[in-house]
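Coordinate analysis (summary)
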Amino acid sequence: MTDKINWVDHPLIQHKLSLMRRKDQSTAGFRQLLREISTLLAYEVTRDLPLTTVQIETPLQKMDAPVLTGKKLCFVSILRAGNGLLDGMLDLLPSARVGHIGLYRDPETLEAVEYYFKVPQDIGERLAIVVDPMLATANSVIMAIDQLKQAGANRLKFVCLLASPEGIHALNEAHPDVEAYTAAIDDRLDENGYILPGLGDAGDRIYGTR
Ligand code: PRP
Ligand code: URA
């Protein structure tokens, strides 16, 4: 089966992503560009949210106007780099609920290690949109989705900025029900599990920790 992911190829996203990748991009610039791109990605991932109509009055007449229906969706940020995607998404959906899953990659084994988990109790009644800029081996997002499903989540999407072909394949294998979105599909992983050409360590670039 061919691997499945939604590539969001909007020119504004592609241009801003190229600016982010540059090694001489400042921390402030990197963060701002990520915020701008995440708003555009949020627009795409919410394209099929359900609508109903309510009657309103314009200054001229009554009309049945479309409004969102159902429980508010929940963004789930994989800490810490996920928070860089979260802010721009919340600009667009300020009432969304937010869950956090703390994970880091063991640099030797590349396995994900969990250190925090907090999501709304009624996560099973909401669309959960997991956010993390980087899909490399996919170990982190697979573990995050495993934990979310254990907590009752049953409608899930995943949004990242960069994806490796290896990561897309692994995510599809582990969670074929989860629709994934990315701004770019890069070439491959290096021997340390970094995406090539990539943008380096997303968390370090967002927070200026290296
Ligand atoms: C990065 C990134 C993902 C993970 C992707 O996080 O934000 O969570 O690596 O790699 P994977 O697909 O191979 O699991 P990192 O572990 O560096 O933690 P950080 O966000 O705290 O910097
Ligand atoms: N995590 C990152 O931050 N960057 C990569 O290239 C791979 C994993």
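Preceding this paragraph is the structure being described.
Residues numbered from 1 in each chain as written. Chains lettered and ligands numbered in written order. Predicted model: local features only at pLDDT ≥ 70, side-chain atom pairs only at ≥ 80, totals over all residues. Heavy atoms only, no water.

**Topic: the overall build of the protein chain**
- Across its full length, the protein chain holds six helices and 14 strands.
- Taken over 210 residues, the protein chain has a buried fraction of 45%.
- For the protein chain, the proportion of contacts with a sequence separation of at least 24, taken over those separated by at least 6, is 64%.
- For the protein chain, the exposed surface amounts to about 11100 Å²; the carbon and sulfur share of it is 51%.
- In the protein chain, the 22 positive side-chain charges and the 28 negative ones have mean positions that sit 6 Å from each other. (Helix = DSSP H or I, 4+ residues; strand = E, 2+ residues; numbered from the N terminus. Buried < 20%, exposed > 50% of the residue type's maximum accessible area, 1.4 Å probe, protein only. Contact = heavy atoms within 4.5 Å. Areas by Shrake-Rupley, 256 points an atom, 1.4 Å probe, with all protein chains shown as cover. Lys, Arg positive; Asp, Glu negative; His and termini not counted. Charge placed at Lys NZ, Arg CZ, Asp CG, Glu CD.)

**Details of helix α5 (residues 165–174)**
- Listing the buried residues of α5 in full gives G167, I168, L171 and N172. Looking straight down α5, one finds its buried side chains confined to an arc of 130 degrees; they lie on one side.
- Of the surrounding elements, those touching the buried residues of α5 are β8 (134–135), α4 (139–150), β9 (156–159), β10 (162–163), β11 (179–182) and β12 (184–185). (Arc of directions from axis to C-beta.)

**Some points on the sheet that holds β12**
- Strand order in the open sheet made by the three strands is β8-β10-β12, with parallel pairing throughout. On the outer flanks of this sheet lie β8 and β12, each paired with one strand and no other.
- The sheet contact formed by β8 and β10 spans two bridges and is parallel. Pairing of M134 across the sheet is with L162, part of β10. (Pairing = 2+ DSSP bridges.)

**Comments concerning the site of ligand 1**
- Near ligand 1 there are 16 residues, and of these R105, D132, T137, A138 and S140 occur at the shortest range.
- A136 places a main-chain nitrogen or oxygen 2.9 Å from an oxygen atom of ligand 1.
- T137 is positioned with one of its side-chain polar atoms (N or O) 2.5 Å from an oxygen atom of ligand 1.
- Contact with the protein chains covers 90% of the free accessible surface of ligand 1, which is 500 Å².
- For the shell around ligand 1, the class distribution of residues is eight nonpolar, four polar and four charged. (Near = heavy atom within 4 Å. Polar contact = N/O pair within 3.5 Å; in protein donor to acceptor, adjacent residues only side chain to side chain. Nonpolar A, V, L, I, M, F, W, Y, C, P; charged D, E, K, R; others polar.)

**Digging into the sheet that holds strand β1 (residues 6–7)**
- The strand order β1-β11-β9-β7-β4-β5-β6 describes an open sheet built from seven strands, whose pairing is mixed. Unpaired on one side and paired on the other, β1 and β6 (112–118) mark the two borders of the sheet.
- Pairing of β9 with β11 involves three bridges; the strand directions are parallel. The residue bridging F158 from the neighbouring strand is A180, located in β11.

**A short note on the site of ligand 2**
- Near ligand 2 you find R105, M134, A136, G193, Y194, I195, G200, D201 and A202, and these make up its full shell.
- A distance of 2.8 Å is found between a nitrogen atom of ligand 2 and a backbone nitrogen or oxygen belonging to G200.
- When ligand 2 sits alone it has 240 Å² of accessible area, and the protein chains cover 90% of it.
- Among the residues making up the shell around ligand 2, the classes are represented as five nonpolar, two polar and two charged.

**Let's talk about the pairing of β9**
- Across the two faces of β9 the burial is the same, with L156 and F158 and K157 and V159 all buried.
- Of the strand pairs in this sheet, strand β7 (residues 128–131) and β9 are connected by four bridges, and their pairing is parallel. Counterpart to A128 in the pairing with β9 is L156.

**Side note on the packing of aromatic side chains**
- All chains considered together, the criterion is met by one aromatic pair.
- The ring centre of Y194 lies 5.4 Å from the NZ or CZ of R105, which sits over that ring. (Phe/Tyr/Trp six-rings, centres within 6.5 Å; stacked < 30°, edge-to-face > 60°. Lys NZ or Arg CZ within 6 Å of the ring centre and 35° of its normal.)

**Overview of the environment of Q61**
- Assignment of secondary structure puts Q61 in the loop between β2 (51–57) and β3 (62–68).
- Residues Q61 and T46, 15 residues apart in the sequence, show an inter-C-alpha distance of 30 Å.

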